[in-house]
Amino acid sequence: MVLPSKMPQLADLDLLLSVEKYGSVGKAAQAHSLSQPAASIRLSAMERRLGLRLLERSPTGSKLTEEGEMLAKYARNVMHAARELLEFGSASRSSDAKRLRVAGSPGVSEHLIPEWLNRSGSSFGEARVEVRTGGVDTLCQLIRASHVDLAFIDGWCQAGSQVQQKFRDDLVVQHICDDELAVVVGSKHPWARRPTLLTVQELASAQLVLRERGSGLREFTDELLGNARVPRSYVEFPSNAAIKQAVATSKRVAVLNLSTVRTELADGRLYRVPVDQEMPAKPIYAVWSERRGLPGYARELVEIAASKGSPMPVARPVPDIESDRLVEANTTNT
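Engineer: I'd like to hear about the packing of helix H5 (residues 106–118) against helix H10 (residues 258–267), residue by residue, with values.
Structural biologist: Interaxial distance between H5 and H10 falls to 8 Å at its minimum, and their mutual angle equals 70°. Here H5 lies roughly perpendicular to H10, going by the angle between them. Residues His111, Leu112 and Glu115 of H5 form the contact with H10, whose participating residues are Ser259, Thr260 and Arg262. Split into classes, the residues belonging to the contact of H5 with H10 amount to one nonpolar, three polar and two charged.

This is the structure:
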């Protein structure tokens, strides 16, 4: 709807209501921080636009005509609606200021974001936090569509992708931490307290629990074991939670990122097995819109994530392999 040109301004309607209240253009002008001539000009202009006579002026003051009283009745409804509109806008801004919309790769959303929120103390106590998850493309779309304020993206969330190539100039990218991979077993597995380093050949021949094909973690595991040329038996699951459960209650083996298993390593449900080669680590990035920037809570979460990084599990004593070998040699010699 296009408003007609003769539609009164809110300020003029408010001025008319003040004349009705005070019985004087001068007093109404004073209430609105106007001079009396300026107030008279605005009221006369409104009368001309509407084609109505709104005021009866006299040396003792001014009062509304019958048409003026009718307009004042409508004006009160309009001003009430305008106040409700302003209150709604204020409440909406207040609500947005207390809302944090964040997304992350599946592993980050499940394990790291809750940890970062909890480690913030009471910073997010009054905030309404909404966490979503998805792959690289989905997360970037959520940012660009303004559905989230911030996303955390890791290098394992999509197979065959160079994650940083997904980020265009319209997105700001900040490195948060690196997440290392580890071989893990349950407490009943013979490798749980293994005194020697595990070889890739041994890992390849073990009963494995793997992520589904197409995931970044599965791609790495296949590459790691590809040169072993040993037939492998495995169980495949589409989630890290299912893999951890399967490993903890069996004699199977899995390769998972440390942030995913830190709790289980700390309480002894899972054990990390030392490997005879360096395990890779992939970066985790915070990503947001360059145009919109970061609202307060989102900025605070980035700062917390960058300072805390990938929470490492409580360290369990790792066998001193060299010391064990020396003890064994001395025992043999003796």
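Next comes the rest of the write-up.
Engineer: Can you lay out unusual backbone geometry for me, pointing to particular residues and giving the numbers?
Structural biologist: At Ser33, a position not held by glycine, the phi torsion is positive, near 60°. Its place among the elements puts Ser33 in the loop between helix H2 (25–31) and helix H3 (36–50). In this structure Ser33 comes out as exposed when scored by relative accessible area, which is 70%. In this structure, Ser146 is a non-glycine residue whose phi angle is positive, near 65°. Locating Ser146 in the fold gives a position in the loop between helix H6 (136–144) and strand E5 (150–154).

Engineer: Which residues make up a negative patch on the surface, and what values go with them?
Structural biologist: A cluster of acidic side chains, namely Glu56, Glu66, Glu67 and Glu69, defines a negative patch on the protein surface. Ranked by residue count, the leading element in the negative patch is helix H4 (residues 66–97), at three residues. Inspection of the secondary structure assignment puts Glu69 in helix H4.

Engineer: Tell me what's going on with the nonpolar core, and back it up with residues and numbers.
Structural biologist: Ranked by size, the top nonpolar core spans 34 residues in total, and within it Val183, Leu203, Val253 and Met279 carry the most contacts. Listed by contribution, the elements that provide at least two residues to this core are strand E6 (171–186), helix H7 (200–204), strand E7 (207–211), helix H8 (216–225), helix H9 (240–248), strand E9 (253–257), H10 and strand E10 (270–273). Looking at this core, the element that brings in the most residues is E6, giving five residues. The residues contacting Val253, other than those within four sequence positions of it, are Val183, Val184, Val185, His189, Trp191, Leu203, Ala206, Gln207, Leu208, Val209 and Val247. Core analysis: the next-biggest nonpolar cluster, separate from the first, contains 22 residues, Trp116, Phe152, Ala286 and Leu294 among them.

Engineer: Kindly report on H5, identifying the contributing residues and their values.
Structural biologist: An α-helix turns once per 3.6 residues; consequently, residues spaced three or four apart project the same way. With 13 residues, H5 extends 18 Å between its outermost C-alpha atoms, agreeing within 8% with the 18 Å of an ideal straight helix rising 1.5 Å per residue. The sharpest bend along H5 comes to roughly 35°, located at Leu112, with the proline Pro114 sitting one to four residues further on. The complete set of buried residues in H5 reads Gly107, Val108, Ser109, His111, Leu112, Ile113, Trp116 and Leu117.

Engineer: Kindly report on the packing of helix H1 (residues 10–22) against H3, identifying the contributing residues and their values.
Structural biologist: Across the interface, H1 lies against H3 with an axial gap of 10 Å and an inter-helix angle of 110°. Taken together, the axis directions place H1 and H3 in an arrangement best described as roughly perpendicular. When the axes of H1 and H3 are compared, the crossing they make is left-handed. Where H1 approaches H3, its residues Ala11, Asp12, Leu13, Leu15, Leu16 and Val19 are matched on the opposing element by Ala39, Arg42, Leu43, Met46 and Arg49. When its residues are assigned to classes, the contact of H1 with H3 shows eight nonpolar, no polar and three charged.

Engineer: Outline the confidence of the model for the protein, listing residues and values.
Structural biologist: The predicted coordinates of low-pLDDT regions are not to be read in fine detail. Averaged over all residues, the pLDDT of the protein is 82; the fraction at 70 or higher stands at 81%. Element-level pLDDT for the protein is lowest in helix H12 (residues 321–333), with a mean of 42, against a maximum mean of 96 in E10. In the predicted structure, residues 91–95 sits below a pLDDT of 50 and forms one contact with residues beyond four places in sequence or in another chain. Below a pLDDT of 50 lies the segment residues 313–334, which in the model reaches 17 contacts outside its immediate sequence neighbourhood of four places, other chains included.

Engineer: So what about the side chain of Arg101? Which residues, and what values?
Structural biologist: Tracing the sequence through the fold places Arg101 in strand E3 (residues 99–104). Those residues in contact with Arg101 that sit more than four places away from it in its chain are Glu130, Ser146, His147, Val148, Asp149 and Leu150.

Engineer: Kindly report on the packing of aromatic side chains, identifying the contributing residues and their values.
Structural biologist: Counted according to the given criterion, the structure contains one aromatic pair. The interplanar angle of 55° and the centroid separation of 4.9 Å between the aromatic rings of Trp116 and Phe152 together place this pair among those described as tilted. Within this pair, whereas Trp116 is found in helix H5, its partner Phe152 is found in strand E5, the two being separated by 36 residues in sequence. Taken as a pair, Trp116 and Phe152 share a single burial class, namely buried. Over the ring of Tyr234 we find Arg218; its NZ or CZ atom is 5.2 Å from the centre of that ring.

Engineer: Would you mind going over the pattern of salt bridges in detail, with residue names and values included?
Structural biologist: It is possible for side chains bearing opposite charge to pair when their charged atoms get close. Counted under the stated rule, the structure contains 16 salt bridges. Arg101 serves as the salt-bridge partner of Asp149, at 2.9 Å between the closest nitrogen and oxygen. With a gap of 48 residues between them, Asp149 in the loop between H6 and E5 and Arg101 in strand E3 connect regions that are remote in the sequence. The exposure classification of Asp149 matches that of Arg101, with both residues buried. Taking the shortest distance from any N to any O, the salt bridge between Asp222 and Arg213 comes out at 3.9 Å. Among the ionic contacts, a cluster of salt bridges with common partners joins Arg213, Arg218, Asp222 and Glu236.

Engineer: I'd love a proper account of H8, names of residues and values included.
Structural biologist: Here H8 lies mainly inside the structure; seven of its 10 residues are buried. Those residues of H8 that sit buried are Gly216, Leu217, Arg218, Phe220, Thr221, Leu224 and Leu225. In this structure, the buried side of H8 is in contact with E6, H7, E7, strand E8 (233–237), H9 and E9.

Definitions and limits used
Residues numbered from 1 in each chain as written. Predicted model: local features only at pLDDT ≥ 70, side-chain atom pairs only at ≥ 80, totals over all residues. Heavy atoms only, no water. Axes fitted to C-alpha atoms, helices over the stretch in contact; angles between N-to-C directions. Helix = DSSP H or I, 4+ residues; strand = E, 2+ residues; numbered from the N terminus. Parallel < 35°, antiparallel > 145°, perpendicular 65-115°, else oblique. Contact = heavy atoms within 4.5 Å. Nonpolar A, V, L, I, M, F, W, Y, C, P; charged D, E, K, R; others polar. Buried < 20%, exposed > 50% of the residue type's maximum accessible area, 1.4 Å probe, protein only. Patch = residues over 30% accessible without salt bridge, like charges linked within 9 Å, V, L, I, M, F, W, Y side chains within 5 Å. Areas by Shrake-Rupley, 256 points an atom, 1.4 Å probe, with all protein chains shown as cover. Salt bridge = Lys/Arg side-chain N within 4 Å of Asp/Glu carboxyl O. Lys, Arg positive; Asp, Glu negative; His and termini not counted. Charge placed at Lys NZ, Arg CZ, Asp CG, Glu CD. Core = buried A, V, L, I, M, F, W, Y, C linked by side-chain atoms within 4.5 Å. Expected span 1.5 Å × (residues − 1). Bend = angle between axes of the 7 residues up to and from the residue. Left-handed = near helix turned anticlockwise from the far one by under 90°. pLDDT = per-residue confidence, 0-100. Phe/Tyr/Trp six-rings, centres within 6.5 Å; stacked < 30°, edge-to-face > 60°. Lys NZ or Arg CZ within 6 Å of the ring centre and 35° of its normal.

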